[in-house]
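Structural features, examined
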Amino acid sequence: MASADQLKALVKSHIDRDDGQFYSVAMQVAAHEAKVGHGKLAEELRDLIDAAKARGPGSPANLVPLARPRGDLANLLHVSYPKSRLVDMVLDAQVEEQLERIMKEQRLNARLRDHGLSPRRKLLLVGPPGTGKTMTASVLAGELGIPLFLVRLDALITKFMGETAAKLRQVFDAIAEVRGVYFFDEFDAIGSQRGLANDVGEVRRILNSFLQMIEHDQSNSLIIAATNHPEILDYALFRRFDDVIEYHMPSPSQATGLVRSRMGNYAPRPFPAKAVSEKVAGLSYAELRRAVDEAIKDAVMHDEAKITVAALNRALSERRRLSEKLKHNDLAGKHGGSTGSR
Ligand SMILES: Nc1ncnc2c1ncn2[C@@H]1O[C@H](COP(=O)(O)OP(=O)(O)OP(=O)(O)O)[C@@H](O)[C@H]1O
Ligand SMILES: [Mg+2]
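Residues numbered from 1 in each chain as written. Chains lettered and ligands numbered in written order. Predicted model: local features only at pLDDT ≥ 70, side-chain atom pairs only at ≥ 80, totals over all residues.

**Topic: the sheet that holds strand β1 (residues 77-80)**
Stated precisely, the cut-off is as follows: Paired strands, in this sense, are two strands between which DSSP finds at least two bridges. A run of H or I in DSSP counts as a helix once it spans at least four residues, and a run of E counts as a strand once it spans at least two, with each numbered from the N terminus. Simply put, an axis is a line fit to the C-alpha atoms, just over the touching stretch for a helix, and the angle between two N-to-C directions goes from 0 to 180 degrees.
Read across the open sheet, the six strands follow the order β1-β3-β4-β5-β2-β6; overall the sheet is mixed. Edge positions in the open sheet fall to β1 and β6 (243-246), since each of these has one partner strand only. Each strand axis lies, on average, 20° off the axis of its neighbour in the sheet, ignoring direction.

See the structure below:
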């Protein structure tokens, strides 16, 4: 049997997520077992270790478990390693400047901290659907080379307020333990799930404890909250954040720019900029992207190297028709209480 010290070292290296140390202790255990005549067990242990190492230190299979949430946290956090880049986004000059600044401060984290300063890392993103809030969280993770953790509010918020508060605590412990971008999408839900809560006072307490946790957090992680409904948020909320970034629907020229870049080599030549700019009003970036993807699909299915102007127009009109229909339904849904409370 492994000695008490070896067992403790194994558990500790697991907790510290120190794979090197874990393998080294496991090999010692195998060697010990071989020495005391348990050859088969020793061999099985070595095979297990070799198989784990063979996945290679740089392979995603080995990297991901380093920051893979365990236990309860696995339900609360969804981890990914995005490759998104800032250049893939079409942004207002102001937003681009804010994001560049955040990345710069993050990269100079050590220098800033040496001077008793802390980089901007608690961000509130506000703006209509499909304007790039979620994409921004991916881009920041991708550009900084750190994992993106989506906080699953549906798993976080339960009808038991005490339980919700305890889960929130676990998430903030993870934020302090594993550096990453932690994204609370539609986080206003924390404060607006009135139907689920036992009383309004409890809801406020949860929102307040969320705010306090944000305020007291001293970690190196980025905490990003996003909402489509800034108007329902208390002013007290805004001042907890280092930066508030506002997203807007695309202007005709931004929309045309996105359509053009998304089409890539499938773009018709010459590019019908004027015709496109007349068709894009009212569509979000997300909707434009979907329209272009539909047009590309058509071209691929018809074995064509380029999207025709007619096909592009059709895809944009179709998307607008859908968008108007969905907006209408969405509003009807909201009036009916989309929080799942009825
Ligand atoms: N500013 C942008 N530049 C380029 N592409 C964008 C932009 N905004 C959105 N997109 C495209 O639309 C997709 C969906 O956008 P995203 O999920 O980031 O919107 P959102 O603001 O989070 O919307 P919601 O409020 O509905 O969550 C993105 O994956 C991307 O392909
Ligand atoms: Mg989003």
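**Remarks on the site of ligand 1**
Rule in force here: The criterion for a residue being near a molecule or strand is a backbone-placed C-beta atom within 6 Å of that molecule or strand. Where each domain starts and ends comes from a domain assignment, either automatic or drawn from a database.
Close contacts around ligand 1 come from 15 residues, with Pro129, Gly132, Thr134, Met135 and Tyr285 the closest. Within the residue set of the shell around ligand 1, elements represented by two or more residues are α8 (133-144) and α16 (285-301). The residues that make up the shell around ligand 1 include at least three from each of domain 2 (66-246) and domain 3 (252-335).

**What about the nonpolar core?**
Counted only if it meets this: Working definition: the nonpolar core is a set of buried Ala, Val, Leu, Ile, Met, Phe, Trp, Tyr and Cys residues, joined through C-beta atoms within 7 Å. Every C-beta atom is placed from the backbone, and the number of other C-beta atoms within 10 Å of a residue's own sets its class: buried at 20 or more, exposed at 12 or fewer, partly exposed in between. Contact between residues is assigned whenever the C-beta positions, reconstructed from backbone atoms, fall within 7 Å.
Counting residues in each nonpolar core, the largest one holds 58 residues, and the members touching the most others are Val151, Val181, Tyr182, Phe183, Ile224 and Leu288. If one sorts the elements of this core by residue count, α16 sits on top with six residues. Here this core gathers at least three residues from each of two domains, domain 2 (66-246) and domain 3 (252-335). Not counting the four nearest positions on each side in its chain, phenylalanine 183 is found in contact with Ala137, Leu148, Phe149, Leu150, Val151 and Ile224. Formed by six residues, the second largest nonpolar core is a distinct cluster that contains Ala9, Val29, Ala30 and Leu45.

**Digging into unusual backbone geometry**
Residue arginine 269 is joined to proline 270 through a cis peptide bond whose omega torsion reads -5°. For proline 270, the position within the fold is in the loop between α14 (252-263) and α15 (273-277). Here the phi dihedral of aspartate 303 falls at roughly 60°; this positive angle occurs in a residue that is not glycine. The residue aspartate 303 is located in the loop between α16 and α17 (309-335) in this model. Judged by the 6 C-beta atoms lying within 10 Å of it, aspartate 303 falls in the exposed class.

**With respect to the pairing of strand β4 (residues 181-184)**
Along β4, one buried face is formed by Val181 and Phe183 and the opposite face, lined by Tyr182 and Phe184, is buried too. Note: strand β3 (residues 148-151) against β4, three bridges, orientation parallel. Pairing of leucine 148 across the sheet is with valine 181, part of β4. In terms of strand pairing, β4 meets strand β5 (residues 222-227) through four bridges, oriented parallel.

**Topic: the environment of arginine 46**
Among the secondary structure elements, arginine 46 is positioned in helix α3 (residues 39-54). For the pair arginine 46 and alanine 26, spaced 20 residues apart in sequence, the C-alpha to C-alpha distance is 8.2 Å.

**Structural notes on the packing of helix α1 (residues 4-15) against helix α2 (residues 19-35)**
Basically, it comes down to this: Any angle that is under 35 degrees is reported as roughly parallel, and any over 145 degrees as roughly antiparallel; angles of 65 to 115 degrees are reported as roughly perpendicular and all others as oblique. In this scheme the handedness of a crossing depends on how the near helix is turned from the far one: anticlockwise by less than a right angle means left-handed, clockwise means right-handed.
Contact pair α1 / α2: the axes reach a minimum separation of 8 Å and the direction vectors enclose 160°. It follows that α1 is roughly antiparallel to α2 by the angle criterion. Crossing angle aside, the handedness with which α1 passes α2 is left-handed. Of the residues in α2, those in contact with Gln6, Ala9, Leu10, Ser13 and His14 of α1 are Gln21, Phe22, Val25, Ala26, Gln28 and Val29.

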